[in-house]
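Read off the chains here:
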Amino acid sequence: MKEYIGQINGRTRTCGLVGNPVEHTMSPVIHNSLAAMFGQNFVYVPFHVRDGLQEAIEGAYALNILGMNVTVPYKSEVMQYLVRTDAKAEQIGAVNTLVRTEGGYVGYNTDMPGLYRAMEEDGICLCGGQVLILGAGGVARAVALLAAEKGAEKICILNRTLGKAQDIITELSEVLAETKENGTPELLALPLSEYEKLGGEEWIGIQATSVGMFPQNEDVIIKDAGFYQKLKAGYDLIFNPYETKFMKLVKAAGKPAYNGLKMLLYQGIIAYELWNGVAVTEEQAKEVFEAMKKEMKVQ
Ligand code: NAP
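We now turn to the structure provided with this report. (Residues numbered from 1 in each chain as written. Predicted model: local features only at pLDDT ≥ 70, side-chain atom pairs only at ≥ 80, totals over all residues. Heavy atoms only, no water.)

## What about the nonpolar core?
Move 1: Counting residues in hydrophobic clusters, the biggest one holds 63 residues, and the most contacted among them are L115, I133, Y235 and M292.
Move 2: The greatest single-element share of this core, amounting to nine residues, is contributed by helix α8 (residues 261-276).
Move 3: Setting aside anything within four residues of it in sequence, one finds Y235 in contact with L115, A118, M119, D122, I124, G205, I206, Q207, F246, Y258 and N259.
Move 4: By size, the runner-up hydrophobic cluster in this structure holds 21 residues, among which are L158, I222, M247 and A253. (Core = buried A, V, L, I, M, F, W, Y, C linked by side-chain atoms within 4.5 Å. Buried < 20%, exposed > 50% of the residue type's maximum accessible area, 1.4 Å probe, protein only. Helix = DSSP H or I, 4+ residues; strand = E, 2+ residues; numbered from the N terminus. Contact = heavy atoms within 4.5 Å.)

Below, the structure written as C-alpha cells:
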C-alpha cells in the first residue's frame, strides 16, 4: 500500500467499497494507483459490511465519503437507499457505484460499460454478432442487455436453471419492444444440458457463471471440447484464476480467450472518473492494469 497512498491529512477525500466479503478485492489497487498518478489527495478503503447495509450507506454519507463501490451481495439491495438511480442502472437492476450529491448518493452501474470497453479493446464486437451467455445470474442479465443495446444479431442464454434464462429473455423482449423500433435480435433460452442444439461456429461465448473461480480452478461449465468449436471467441468474466479452465478449452479449440480482469479495470476507471471529474488516459489505464497483474502475481 505504501507505494501508492500519499500522505493522509485533513483534506483527504475517501471512497470505499461495501460488500461481504471484501478481503480479496482488487479495487484498492485500481483507485489508489489512479490517485497517485493524478496526484490527488484521495484514498480508497474496503468496508466489510456483514449486515446493516442501510446504516452503512447512511453512515458513509454522514462521514462525508465521496463515493462507494458496491459488490456482492448488495448490488440490488442498495438501490432503495439512494436518492436516485441512473436510468441504465435501473434497467440493469444493479448498482455498483455510488456518487455523492446533495441529500444522498446517486447509483450507477459501471460494470457493463466496463465490460464493453474491455471487449472493444480486445477487438470483440457485439454489433451484428451471435452472443452466447453462459449463466443467468445478475451479471448474465446485464450482459444480455448490453448485447441487445449494442446490436447483437442473436442472443442465447444457456443456464442450469432454465426458468432463470427464460425470465431474462422475457424481460429482454419487453425492454426491446419499448426501446427499439426495428431490428431486434433473435432471442433464445436453453438448459445447459442442451448445448449440443446450438449450431454454428460464430458464437461470442461469455462465461458469466461462478464455475471455475478460485479455488475451484479445474471446474468448468461445459467439459466437452466439441462445444468450444462452436465459439469464435470466449470471454470469461472470472479473473481469478487468471487463466480459467474455460479459457484453456477455448484456446485448445484454436480461438481467442479473455478473462474478466480488464472488465474489473474499466468498471473501476469509470467509477474513478465519476467521483473525481477526471479523464483517465489509455497510458494510465495500462499502468493500472500492470499494477493489478502485479498484485495477482501474473505476467
Ligand atoms: P450469480 O447471480 O450468483 O449467478 C451465478 C450463475 O452461475 C447462475 O447462472 C448459476 O446457475 C450459475 N452456476 C453457479 N454454480 C453452478 C454450477 N455448479 N453449475 C452450473 N451453473 C452454476 O452471480 P453473478 O453476480 O451473476 O456473477 C457471475 C460471475 O461473474 C462470477 O463469477 C463473478 O465473479 C463474475 N463477475 C465478474 C466481474 C468482473 O469485473 N470481472 C464483475 C461481476 C461479476 P443457476 O441459475 O442454475 O443457479
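Further notes follow.
## Quick word on unusual backbone geometry
Peptide bonds are mostly trans, and most non-glycine residues show a negative phi.
Move 1: In this structure, the amide linkage connecting V72 to the following residue, P73, adopts the cis form with an omega of 5°.
Move 2: Positive phi is not limited to glycine here, since N64 has a value of about 65°.
Move 3: Mapped onto the secondary structure, N64 falls in the loop between α2 (53-62) and β3 (67-70).
Move 4: Positive phi values are uncommon outside glycine, yet K297 reaches one of about 60°.
Move 5: Relative to the assigned elements, K297 resides in the segment after α9 (282-296).

## Description of helix α1 (residues 27-38)
Each full turn of the α-helix corresponds to 3.6 residues, which orients residues three or four apart in the same direction.
Move 1: Taking 1.5 Å of rise per residue, 12 residues should cover 16 Å, and α1 covers 17 Å from first to last C-alpha, within 8% of that figure.
Move 2: With nine of its 12 residues buried, α1 lies for the most part within the structure.
Move 3: Those residues of α1 lying buried are S27, P28, V29, I30, H31, N32, S33, L34 and A35.
Move 4: Contact partners of the buried residues in α1: β2 (42-48), β3, α8 and α9. (Expected span 1.5 Å × (residues − 1).)

## A short note on the packing of α1 against α9
Move 1: Orientation of α1 relative to α9, taken along the N-to-C sense of each, is 135°, at an axis distance of 10 Å. Here α1 is positioned oblique relative to α9, judged by the angle of their axes. Crossing geometry of α1 relative to α9 is assigned as right-handed. Residues V29, I30, S33, L34, M37 and F38 of α1 lie in contact with α9, whose contacting residues are Q284, E287, V288, A291, M292 and E295.
Move 2: Partitioned by chemical class, the residues of the contact of α1 with α9 number eight nonpolar, two polar and two charged. (Axes fitted to C-alpha atoms, helices over the stretch in contact; angles between N-to-C directions. Parallel < 35°, antiparallel > 145°, perpendicular 65-115°, else oblique. Left-handed = near helix turned anticlockwise from the far one by under 90°. Nonpolar A, V, L, I, M, F, W, Y, C, P; charged D, E, K, R; others polar.)

## Looking at the environment of Y61
Move 1: Following the sequence through the fold, Y61 ends up in helix α2.
Move 2: The spacing of Y61 and T101 is 40 residues in sequence and 9.5 Å in space, taken between C-alpha atoms.
Move 3: What Y61 contacts, discounting residues up to four positions off in sequence, is R100, T101, E102, G103, G104 and Y105.

## Some remarks on the site of the ligand
Move 1: The full set close to the ligand counts 22 residues, and A136, V139, N159, T161 and K164 are the nearest of them.
Move 2: In this structure, an oxygen atom belonging to the ligand sits 2.8 Å away from a side-chain N or O atom of N159.
Move 3: In this structure, R160 approaches the ligand through a side-chain N or O atom, which is 2.9 Å from an oxygen atom.
Move 4: Burial of the ligand by the protein amounts to 74% of the accessible area it has alone, namely 940 Å².
Move 5: Within the residue set of the shell around the ligand, elements represented by two or more residues are α5 (138-149) and α8.
Move 6: Across the shell around the ligand, the residue classes tally to 11 nonpolar, eight polar and three charged. (Near = heavy atom within 4 Å. Polar contact = N/O pair within 3.5 Å; in protein donor to acceptor, adjacent residues only side chain to side chain. Areas by Shrake-Rupley, 256 points an atom, 1.4 Å probe, with all protein chains shown as cover.)

## Remarks on the pairing of strand β7 (residues 130-134)
Move 1: With five of five residues buried, β7 lies mostly within the body of the structure.
Move 2: Note: β7 against strand β8 (residues 154-159), five bridges, orientation parallel. By the bridge assignment, I133 is partnered in β8 with I157.
Move 3: Handedness of the crossover joining β7 and β8 through α5 is recorded here as right-handed.
Move 4: In the sheet, β7 pairs with strand β10 (residues 203-207) via five bridges, with the strands oriented parallel. Of the residues in β10, the one forming a bridge with L132 is G205. (Pairing = 2+ DSSP bridges. Right-handed = clockwise from strand over helix to strand, strands pointing away.)

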